[in-house]
Amino acid sequence: MPRYEFRCRTCDDTFEVSRPMAESSAPADCPAGHADTVKLLSAVAVGGTSSAPAPVGGGGCCGGGGCC
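Residues numbered from 1 in each chain as written. Predicted model: local features only at pLDDT ≥ 70, side-chain atom pairs only at ≥ 80, totals over all residues. Heavy atoms only, no water.

Q: Would you mind showing me how to read the side chain of Ser24 here?
A: Along the polypeptide, Ser24 turns up in the loop between β2 (14–18) and β3 (37–39). Once residues lying within four places of it in the same chain are set aside, the contact partners of Ser24 are Tyr4, Arg19 and Lys39. (Helix = DSSP H or I, 4+ residues; strand = E, 2+ residues; numbered from the N terminus. Contact = heavy atoms within 4.5 Å.)

Below, the structure is given as structure tokens:
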């Protein structure tokens, strides 16, 4: 389940909320009970390693980056 980061404008606390993507824009109260919060834009980091080099020319079935 995705986690969304919020900041409370009242106490300046930053906190995370786990919720379905369908509820991503719903407001969230801070842990101290304040309702004046704002959802922060979070950068997504994807880790891992690749054993094969990235394809040159965009990949795809025809080499043009799209599907035929």
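Q: Would you mind showing me how to read the pairing of strand β1 (residues 3–8) here?
A: Residues in a regular strand project their side chains so that they alternate between the two faces of the sheet. Across the two faces of β1 the burial differs, with Tyr4, Phe6 and Cys8 buried and Arg3, Glu5 and Arg7 not buried at all. Hairpin connection, β1 to β2: the antiparallel pair is bridged by five residues, and Asp12 has positive phi, about 65°. For β1 and β3, the ladder comprises three bridges, and the chain directions are antiparallel. Each bridged residue has a counterpart across the sheet, and for Arg7 the counterpart in β3 is Val38. (Buried < 20%, exposed > 50% of the residue type's maximum accessible area, 1.4 Å probe, protein only. Pairing = 2+ DSSP bridges.)

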